There are 2 protein chains.
Amino acid sequence: MSSKATIVDVARECSLSQATVARVLNGQKEIQVKEKTRKKVLSAARKIGYERNILAANFRRQKTKSIAISIADLTNPFFPELIKGVQNTIREYGYSIVQLNNEWNPKIEQDNFKYMIQSRVEGAIISPSHPRADLKVLESLPIILLTNSDKFLGYDTIANDSKGGMVLALERLFEFGHRNIALFMGGSMMSADSSWRLQIMKDFCSNRNMFFSDDLCIKCDMSVSSLESFSQARTAMRKFLSKDTPATAIFASNDILALAALHVANEIGIKVPDELSIIGMDGILSGEISYPTLTTVEKNRSQIGSLAAKSLIEKIEAPVEWQAKKIILPCKLIERGSSGPVREKK
Amino acid sequence: MSSKATIVDVARECSLSQATVARVLNGQKEIQVKEKTRKKVLSAARKIGYERNILAANFRRQKTKSIAISIADLTNPFFPELIKGVQNTIREYGYSIVQLNNEWNPKIEQDNFKYMIQSRVEGAIISPSHPRADLKVLESLPIILLTNSDKFLGYDTIANDSKGGMVLALERLFEFGHRNIALFMGGSMMSADSSWRLQIMKDFCSNRNMFFSDDLCIKCDMSVSSLESFSQARTAMRKFLSKDTPATAIFASNDILALAALHVANEIGIKVPDELSIIGMDGILSGEISYPTLTTVEKNRSQIGSLAAKSLIEKIEAPVEWQAKKIILPCKLIERGSSGPVREKK
DNA sequence: CTTGATTTTGATAACGTTATCATTTAATTA
DNA sequence: TAATTAAATGATAACGTTATCAAAATCAAG
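An account of the accompanying structure is given in this report.

## Looking at the relation of the copies chain A and chain B
Consideration 1: When chain A is brought onto chain B, the operation consists of a screw motion whose angular component is 180 degrees and whose axial shift is 0.1 Å, with 0.1 Å RMSD remaining. What the rotation and shift describe, once combined, is the action of a two-fold rotation axis. Residue A:S286 of chain A places its C-alpha closer to the rotation axis than any other residue of that unit, at 2.4 Å.
Consideration 2: Counting the interface residues of chain A, we find that 100% of their copies in chain B are interface residues as well, pointing to one common contact surface.

Shown next as structure tokens:
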């Protein structure tokens, strides 16, 4: 069972040299082999059930034609589409994917990095588990980072323009006449520092003579699991609504938070969007099937994956010098049911 | 760059034989090597930056310590958790995962099967793209199928007891006093034949002298994308409600359908669960954050993944004979906000 | 036919590990 | 200390493919 037929067996079977057999079975293009012998080899191979040993081939060739993709958690709705984007793109180039999760655990992440090196992948797409992730081990490996943190100087990065996306949402709410917009943020040890969100909010408001205070800022811890975060966010939202806020709109820094806000609003009987507009960020499936459907600032994950893959392959196959690029993709505001013009209250 | 240090380089560096170096660096357990030489080797290895070449090791050992997992589509909410279950389990055994998607395309699926064989994975967990998927290529490979279709005789399979789960939901609705229950089904070319659902429904109703007719059966095509299915399901639901049904409850064969029903109900102003109870099946995230939250028959995907992994490894490491097992896991009824006692209408 | 060019095939050495011995060194006992 | 046993190290052959070069076969042209 374990002893599969090899190229030598095929050669013996059809009384040809293993070199010619190799040329027929594994050789690239159809170069330098007579049609007659080709057929002879193929039928012999079929007869004894030869299956190419990619392991041996990769080893000899010192190339794996594979890339790694390191993420935190596959069950986070953000990643599967991203991976799909990567897969679809690299398939064309003949590369295969090694997918590694680290469960937000820097130690596992390091182990994964080591594994990449040792298994000789030719490049990697990495979503760092935290802003200070240690990439030393990967020095000699072409990598693309999925982040917009400015901590990673000198690396190729690709990410959505979250800041621009946030402004997009705020502007739309402003157009709708909202002058008291709350900011719903999920802080967390692993996600990048999010003080910039508060800053953008403040700038936005002061530029437009809008009121903003800490009372319009809802904070809640994001946990590793989406569901837990949702529950914590609901609690935060209830607390926020309990103290009679002037807010007519909420911008949430991700869809889970936004959906939590929406849920509580539904629960309490606040009409969305008539009495309260809610805009989220990310564009997860749940937001497309909630009631009402969630207006959100979409990050095109499939596109990011695809672009990252292209960049990586370009980098892998680049001759010598490579100029690190930072790609920032614009977000897109997807207007759905949870946002609308402000209505005079009561 | 591409020329990394090898075990021979390390041996030269510390003037020892490559055999001893190998024993220190890659050998299992801490057998047969003096502490002094161990240190000598390790420091030499560190000095010249030796990284084990797993490729070469696997090749020589003729073992990859890896398994494949073949699914249709990573963005289908069903799979990520399943994969996570597999990953968590096999990590303990030191295996790694090769994850392959086929986009519901039997041709890609076949290619993936071939790839498994050629890359010498030691086993595979396979969710067949359709009930007649061709597994011939995998003859000599230990595999576990994720299906409850009875088309796969002689194979190890593991799946949830969908039939039992459906009865669970129907019984609960019956307890709640519902006597007119609609069945919301998503037919599709790739999912297994679902005529059994109708059969169970009919049996259930006739056993309890309950009314059932085709008018209480909502059908809609399930497409590859969850979102598309959702949209089609909404249309079907609207049509269903337009002709004034006696139904006080709906059982949907998956959560996407159930959420579509819920969405339409919210839209039209039908109070859930007061005027209409809805129960879905699967237990996807979106059902936990909808309003109201969705009562559902949960399939524990992580558990399935974990069990499949255990079974597979057991099978891989089994001495010789292996008795094919069919594991059927019970579903669990998760009662949330979308179901409740029937209320006298108007 | 010969000659030379061209195409097709063959022989063989890697690739970097692990596994199997044989050999040396150290430890134990008489 | 010599003899015996155990522990530690060394030498070397695989694993199955690809790559390189050499050899043979075929073809083209004189």
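## Focus on the protein's contact with DNA strand C
Consideration 1: What surrounds DNA strand C is a group of 26 residues, the closest being A:S17, A:A19, B:I7, B:N26 and B:R60.
Consideration 2: Broken down by secondary-structure element, the contributors of at least two residues to the surface near DNA strand C are α2 (18-25) and α4 (54-61) of chain A together with α1 (7-13), α2 (18-25) and α4 (54-61) of chain B.
Consideration 3: With 5 residues, the single largest contributor to the surface near DNA strand C is α4(B).
Consideration 4: When the residues that make up the surface near DNA strand C are grouped by side-chain class, the tally is 11 nonpolar, 10 polar and 5 charged.

## A look at the protein's contact with DNA strand D
Consideration 1: Surveying the vicinity of DNA strand D reveals 26 residues, the closest of which are A:I7, A:N26, B:S17, B:A19 and B:T37.
Consideration 2: Going through the elements one at a time, α1 (7-13), α2 and α4 of chain A together with α2 and α4 of chain B are the ones with two or more residues in the surface near DNA strand D.
Consideration 3: At 5 residues, the largest contribution of residues to the surface near DNA strand D is made by α4(A).
Consideration 4: Per-class residue counts for the surface near DNA strand D are 11 nonpolar, 10 polar and 5 charged.

## Things to note about the pairing of strand β6 (residues 181-187) of chain B
All names here are of chain B.
Consideration 1: Within β6, 6 of the 7 residues are buried, which leaves it mostly tucked inside the rest of the structure.
Consideration 2: Of the strand pairs in this sheet, β6 and strand β8 (residues 249-252) are connected by 4 bridges, and their pairing is parallel. Each bridged residue has a counterpart across the sheet, and for I181 the counterpart in β8 is A249.
Consideration 3: Here 5 bridges tie β6 to strand β7 (residues 217-221), and the two strands are oriented parallel to one another. The partner of G187 across the bridge, within β7, is D221.

## Comments concerning the sheet that holds strand β2 (residues 96-101) of chain B
Residue and element names in this part refer to chain B.
Consideration 1: The parallel open sheet is built from 6 strands, whose spatial order is β2-β1-β3-β4-β5-β11. The sheet is open, and its two edges are formed by β2 and β11 (326-329), each paired on a single side. Direction aside, neighbouring strands of the sheet carry axes that sit 20 degrees apart on average.
Consideration 2: Summarising the sheet, strand β3 (residues 124-126) and strand β4 (residues 143-145) pair through 3 bridges and their orientation is parallel.

## Some thoughts on the interface of chain A and chain B
Consideration 1: Facing 39 residues of chain A, the contacting portion of chain B comprises 39 residues.
Consideration 2: Looking at the side of chain A that touches chain B, the elements with two or more residues in it are α4, α5 (79-93), β2 (96-101), α6 (106-118), α9 (226-242), α10 (255-268) and α11 (285-288) of chain A.
Consideration 3: The class makeup of the residues in the side of chain A that touches chain B is 15 nonpolar, 17 polar and 7 charged.

## A word on unusual backbone geometry
Consideration 1: Following A:Y291, the chain continues into A:P292 via a peptide bond in cis, with omega recorded as -10 degrees.
Consideration 2: Of the consecutive residues B:V272 and B:P273, the connecting peptide bond is found in the cis state with omega at 10 degrees.
Consideration 3: Note on placement: B:P273 falls in the loop between α10 (255-268) and β9 (277-282).
Consideration 4: Although it is not a glycine, A:W104 adopts a positive phi angle of roughly 65 degrees.
Consideration 5: Looking at where A:W104 falls in the secondary structure, it is placed in the loop between β2 and α6.
Consideration 6: For A:W104, a count of 19 C-beta atoms within 10 Å gives the class partly exposed.
Consideration 7: Located in the positive-phi region is B:Q62, a residue other than glycine, with phi close to 60 degrees.

## As for the sheet that holds strand β6 (residues 181-187) of chain A
Residues and elements named next belong to chain A.
Consideration 1: The strand order across the open sheet formed by 6 strands is β7-β6-β8-β9-β10-β12, and the pairing between neighbours is mixed. With partners counted over all chains shown, the strands left at the sheet margins are β7 (217-221) and β12 (332-334), one partner each. The mean angle between the axes of side-by-side strands here comes to 20 degrees, regardless of whether they run parallel or antiparallel.
Consideration 2: As defined by bridge partners, strand β9 (residues 277-282) adjoins strand β10 (residues 295-298) across 4 bridges and the pair is classed as parallel. Directly across from M281, in β10, lies its bridge partner V297.
Consideration 3: Across the sheet, helix α7 (residues 162-175) touches β6, β8 (249-252), β9, β10 and β12, and the angle it forms with β8 is around 170 degrees.
Consideration 4: Its contacts with the sheet put α9 on β6 and β7, and the angle it makes with β7 is roughly 150 degrees.

About the cut-offs
- Residues numbered from 1 in each chain as written.
- Chains lettered and ligands numbered in written order.
- Predicted model: local features only at pLDDT ≥ 70, side-chain atom pairs only at ≥ 80, totals over all residues.
- Least-squares fit on C-alpha atoms with pLDDT ≥ 70 in both.
- Contact = placed C-beta atoms within 7 Å.
- Near = placed C-beta within 6 Å.
- Helix = DSSP H or I, 4+ residues; strand = E, 2+ residues; numbered from the N terminus.
- Nonpolar A, V, L, I, M, F, W, Y, C, P; charged D, E, K, R; others polar.
- Buried ≥ 20, exposed ≤ 12 C-beta atoms within 10 Å, placed from the backbone.
- Pairing = 2+ DSSP bridges.
- Axes fitted to C-alpha atoms, helices over the stretch in contact; angles between N-to-C directions.

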